[in-house]
Amino acid sequence: MLRTPRYATSNRLGFLLMMAIFLMGATQSNAQILHKKKKVDKSTSVDNNVQPDKVLYDRAADDIKHGKHEVGRLNLQTLINTYPDSEYLAKAKLLIADSYYKEGGTANMTQAISGYKDFIVFFPFLPEASYAQLQVAMGHFRQMEKPDRDRTEAKEAESEFQTFLLKYPKDPLADKAMQHLREVQEVIAEGDYRVAYYYYAKGDKRAAAARLIGVTNRYPLYSRSDHALWMLADIFDKAEKKEVAANYYARIVKNYPLSSEAPQAKARLVAMKVPVPQPDPKAHARMVAEQNAPRPHTSLAKKPLGILHSGPTGEMKTAARVGEPNLEPEADTSSATDVLTGGNSSRIVVGGSGGGGTTTGAAGNTTGIVATVTPGGPKTEESSGAESAAPADANAPENSAPGGSVAPTAGAAPEATSATPGESTSAAPETPTATPNGGETAVATGTDASGTTTPATTSTSDAKTDASQTDSANQSDNGKESSSKKKKGVRKLVPW
């Protein structure tokens, strides 16, 4: 009987032990793999139970959060097109507008503003409508230029912020909108003030007054409003309009008691022997709060970089922090001009960028800011090119002469009285025509198609002379008719 060697038995046992260990390891690894697969399958089953529109919205929101704006907008557009009745439809539209706003740039900002406006139109009663209105204003606010450049975006931002504050005065975002409106109005007023100061230094007092009146009446929170009032008072003081100048000096003392111009304004009023008004307590409290309000600080390292910035950063820092800004939209006014009429009172009309002080004439057009000034004596002053005429009160009545008649514009040619408002009829003089033989011809008056009275002459001495005179008369009548039509067309555009 053959016997197996001992070393062969030991090798066989070792081999079996190694196989057992290998099988145990393989079984454990397979169990782990199966466990992982079960986990994956479990998570997949959970995702399948979630609403697909919510999955698309969450993915898009995550992409936009990490800067993948185009991918996020593509997912949101897929949601809108695939699930038009989804509860995430409004949020998707708002998020698309937000993605354009965050991405920045002129084209993207235009798309963002359009998206926010569409949201307001389609979902006006949702709580997010106020946010969308504020974002419309912020889109224009971010594109504002410096005061001496194009102010289209500043005007749009002012209008949109005013709309927000009028529609949502108690919204939690109202304080933010009000502060931005103060900054926008500071930029607009600064632009008008610079133009007015240029004309003031150049010597064109009339143009300077037209700009300054708009600044002082429309933007009382402007940081240089007191200086603008001082310039206006100085203009009328030098133009011998002491009553108007005293009115502006009094406004400085009353509405800006802590201004550096207030002591000088008081001295001028005392010199004019005009009562000095008491400072307004509300205005005093506002100026004290303004001085104590915190201001944004810019580090010295960033100041040189401000030159390269196209936005009005400097003006925004000087904007008011206290007080309610002007919420009334700017009224359309005509070109800057002034009219003084005779009589016991002087009527002053100045058009320009003033707000709240416009009047409407007979034709329905605005004629500018009107004020009434009563001179000290019966003598009336006529306006000249060197003098500047501007109102003392923006809420004065319509431009009219004593007795209720419409006051004529200085320097305008007089016209005949018309039966219909806004039209005039000119009549040719009835004078006899002398004949070459020394005789006189009979004069017959008639009315042509335009309603103008024309003389008809008859001559027995010379037929050729009579024909030539008739032709010249017809040509003159045609010229009068055409000029009358031109005047009518101009009067429709310019009431004065």
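Residues numbered from 1 in each chain as written. Predicted model: local features only at pLDDT ≥ 70, side-chain atom pairs only at ≥ 80, totals over all residues. Heavy atoms only, no water.

Participant: Explain the pattern of salt bridges to me, please; I cannot follow it from the model alone.
Facilitator: Between side chains of opposite charge, a pair can form as their charged atoms come close. Counted according to the given criterion, the structure contains twelve salt bridges. Here E103 ties to R73 by a salt bridge, and the two come within 3.1 Å at their closest N and O atoms. Here E103 is found in helix 4 (residues 89–103), whereas its partner R73 is found in helix 3 (residues 69–82), with 30 residues between them in sequence. The class of E103 is partly exposed, set by a relative accessible area of 34%. The partner of R149 in a salt bridge is E145, with the nearest N and O atoms 3.9 Å apart. (Salt bridge = Lys/Arg side-chain N within 4 Å of Asp/Glu carboxyl O. Helix = DSSP H or I, 4+ residues; strand = E, 2+ residues; numbered from the N terminus. Buried < 20%, exposed > 50% of the residue type's maximum accessible area, 1.4 Å probe, protein only.)

Participant: Which parts of the structure should I look at to understand the side chain of D234?
Facilitator: Of note, D234 is situated in helix 10 (residues 225–238). Discounting chain neighbours no more than four positions away, the residues touching D234 are Y200 and Y249. (Contact = heavy atoms within 4.5 Å.)

Participant: Quick question: what am I supposed to make of the packing of helix 4 against helix 5 (residues 106–122) here?
Facilitator: Describing two packed helices takes the angle between their axes plus the distance from one axis to the other. Where helix 4 contacts helix 5, the two axes come as close as 7 Å, and the packing angle between them is 155 degrees. The pairing of helix 4 with helix 5 is recorded here as roughly antiparallel in orientation. Relative to helix 5, helix 4 is oriented so that their crossing is left-handed. Seen from helix 4, the contacting residues are A90, L94, A97, D98, Y100, Y101 and E103; seen from helix 5, they are N108, M109, Q111, A112, G115, Y116 and F119. (Axes fitted to C-alpha atoms, helices over the stretch in contact; angles between N-to-C directions. Parallel < 35°, antiparallel > 145°, perpendicular 65-115°, else oblique. Left-handed = near helix turned anticlockwise from the far one by under 90°.)

Participant: How should helix 5 be read in this particular structure?
Facilitator: Residues spaced three or four apart along an α-helix face the same direction, because each turn holds 3.6 residues. Along its 17 residues, helix 5 runs 25 Å from first to last C-alpha, staying within 8% of the 24 Å computed at 1.5 Å per residue. Residues of helix 5 that are buried include every one of N108, M109, A112, I113, Y116, F119 and I120, and no others. Along the long axis of helix 5, the arc covered by the buried residues comes to 140 degrees, so they all point the same way. Turned more than 90 degrees off the buried face of helix 5, the exposed positions are T106, A107, V121 and F122. Structurally, helix 5 contributes buried residues whose contacts are with helix 4, helix 6 (128–141) and helix 7 (152–167). (Expected span 1.5 Å × (residues − 1). Arc of directions from axis to C-beta.)

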